[in-house]
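# Structural overview for review
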Amino acid sequence: MDVILVFPHTGPKKTIWAPLSLLYLAEALREDGFSTRIIDTRVEKDYIMKLKNFSKKDCIFGFSVMAGHQIIHAIQISQHLKKLNSNSKVVWGGTFPTLCPEACLQSLSIDVVVMGEGEITFPELAHCIEQNGSLDQVKGIAYKDTHIRSNPDRPLIDMDKLPFPAWDLVDATNYFRNDFAKRILPVQTSRGCPNRCTFCYTVPFSRGVWRSHRAERVISEIQMLVEKYKIDGVDFCDDNFFVGPDRVRKICNSIIAENLNICWRADCTVDILANMNTEYLSLLKDSGCKSLFLGADSASKSTLKQLGKNATPEQTIEAVKRCAQYGIIPVVSMIIGFENEDYETVNETLDFVDELKRLNPETLIAGLKMITPYSGTKLYEDFRASGLKQPEKLEDWSRFVPTNPSILHSDPEFDRFLQVLAYASWFALGGSFINDNVPTSFPYSTAKEILTLLAKWRWKRRFWKLPIEWKLVILYDRYFDSNVGRKLSPNP
Ligand code: B12
Ligand code: SF4
């Protein structure tokens, strides 16, 4: 039976990130003897025709889905495929289905959800479907027969047993990012995080366990990408790259010793960065570290404590100062919209951000993100207890993103202000991120220039009234969702 892996649209963005989840899965399926293809709807203009052709025989379609736009597009294609051939099996996996399996399985077009890492579960599930076996034996899945069933979790994978992602199944040049280097591709070197931040998906997804590839294996993967695709930049897309400092040191030393000539970026916590010594920071810099993403999250000690963060605002300040000393660009992420938030606390966050920019003008702000209680997290349980309404339909989860207020405050005007801030902050302070996300062609380029100017002006004056431009952006975002599936005819 063929297994077709589908990557649905991620929204109106210019830069397309490699579908690493599917590359890992494709290699695992191939090793298990399955014929497999990757259909990335963001790059394959004729994906509807391709899917139609695959549907002529019974196959398994595997969708990778994260929160946001992707849910809408994944629903649209899943429904379409079921109409083309009701014997096809539709399987959803990824961060969103893992944390919300019941919501997914309420949709008639989704047969099975794979929860957590898919490299062992999916081939086993595919064999089971092919042989008409009983799904109750497959660990790590949820499915429906008379009602929704959830099987026991699968143990976490020993990452060093995983083969390299199947880059040969896609045209890697579609995924080069051009930011701190010209030809950047992602490499995942570890999964999970030992911390327990109340809002973070990784706590339920990886059960609080951090595991990694050995440094030698990381270096071989980078070497392969350098030789085959001539990359000059690596995006370490781990949850927390810096957990084992000895491993990080080994990776950095080998990048230098093997003359790999690459630049790189990774996520780092502010407490780890604030405590790095000069020798460690110099090694990061010498091995090509160009930028670090810092989940600073709040300017308030008590909010950080409530969020379960092992960090303080002072450490954020120390971290951006250290980045300035070593020429590393800090990309700082902040959260707004907490339950007890008011204009005053938001303004404190804005002042804190200005202070970070003053201390290190290279600092980029990866948006002021609205607190988003993803299902499965402690934050979600806390919010449910204090009255958060759970989305009723699967589609409604697509609005559960950091640009939408998920908790409504007593003053609707305040929620509108937060939403405008969540959008405008990217343009006012996001720098290269905006180039990454907005297409360079007319009229997007002109719209970007105007929005950036207005956002900077609003930020400087703290003037958030009459946000007509952001209302248009929000409408465009919604229009994208309805338009992306328009080509999928309801009666194929
Ligand atoms: C790169 C990235 C992006 C890229 C896009 C990724 C891409 N390929 O195009 C961009 C920048 C566009 C992006 C955007 C967003 N992202 Co993002 N992103 C990531 C990041 C950093 C890496 C993803 C990755 O490649 N991981 C590596 C692969 C191997 O892991 P994986 O995807 O989990 O896949 C494994 C399993 O999930 C499973 N699996 C996955 N797919 C499938 C499919 C099948 C069929 C099966 C069986 C199994 C399976 O098996 C895989 C191998 O084990 C993750 C954090 C992380 N470290 O994973 C966040 C993350 C996925 N993003 C997240 C979010 C919230 C967003 C946004 C909503 C943020 C926003 N500002 O709006 C948007 C949503 C975009 C949209 N959907 O419309 C959250 C998801 C939370 C959730 N509950 O879904 C994460 C976890 C970050 C976080 N810490 O909160 N993101
Ligand atoms: S430190 Fe970062 S990755 Fe780790 S649990 Fe907290 S938010 Fe998640």
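Starting afresh in each chain, residues are numbered from 1 along the sequence in its written order. Note on labels: chains are lettered from A, ligands numbered from 1, in written order. It should be noted that, the model being predicted, local features are given only for residues of pLDDT at least 70 and side-chain atom pairs only at 80 or more, the latter also being counted only at that level, while totals for whole chains, interfaces and linings use all residues.

In this section: the site of ligand 1. For ligand 1, the set of nearby residues contains 37 residues, the closest of which are S21, G62, G68, G93 and G118. Elements with a contribution of two residues or more to the shell around ligand 1: α1 (20-31), β3 (60-64), α3 (69-84), β4 (89-93) and α4 (95-99). Broken down by element, the shell around ligand 1 gets its largest block of residues, four residues, from α1. Here the term charged refers only to Asp, Glu, Lys and Arg, the term nonpolar to Ala, Val, Leu, Ile, Met, Phe, Trp, Tyr, Cys and Pro, and the term polar to all other amino acids, Gly among them. Classifying every residue of the shell around ligand 1 gives 20 nonpolar, 13 polar and four charged. Where each domain starts and ends comes from a domain assignment, either automatic or drawn from a database. When residues of the shell around ligand 1 are sorted by domain, at least three fall in each of domain 1 (3-150) and domain 2 (178-268). Proximity of a residue to a molecule or strand is defined by its backbone-placed C-beta atom lying within 6 Å of that partner. For helices the rule is a DSSP run of H or I covering at least 4 residues; for strands it is a run of E covering at least 2, with both sets numbered from the N terminus onward.

Overall, mixed pairing links the seven strands, which are arranged β2-β1-β3-β4-β5-β6-β7 in an open sheet. One side of each edge strand has no neighbouring strand; the edge strands of this open sheet are β2 (36-40) and β7 (148-150). Going across the sheet, the axis of each strand differs from the next one's by a mean of 20 degrees, ignoring polarity. The pairing criterion for strands is at least two bridges between them, as found by DSSP. Pairing of strand β6 (residues 141-144) with β7 involves three bridges; the strand directions are antiparallel. Looking at the pairing, A142 lines up with S150 of β7. An axis is simply a line fitted to the C-alpha atoms; with a helix, the fit covers only the stretch in contact. Between two such axes, the angle follows the N-to-C directions and lies from 0 to 180 degrees.

This part takes up the domain arrangement of the chain. In terms of domains, the chain is made up of domain 1 (3-150), domain 2 (178-268) and domain 3 (269-371 + 407-461). Distance between the C-alpha centres of domain 2 and domain 3: 22 Å. A residue pair is marked as a contact if its C-beta atoms, positioned from the backbone, fall within 7 Å. Between domain 2 and domain 3, the residue contacts involve 20 residues of the former and 21 residues of the latter. Taken together, the elements giving at least two residues each to the side of domain 2 that touches domain 3 come down to α9 (245-257) and β12 (263-268). Per-element tally for the side of domain 2 that touches domain 3: the top contributor is β12, with six residues. Class assignment for the residues of the side of domain 2 that touches domain 3 results in 12 nonpolar, three polar and five charged.

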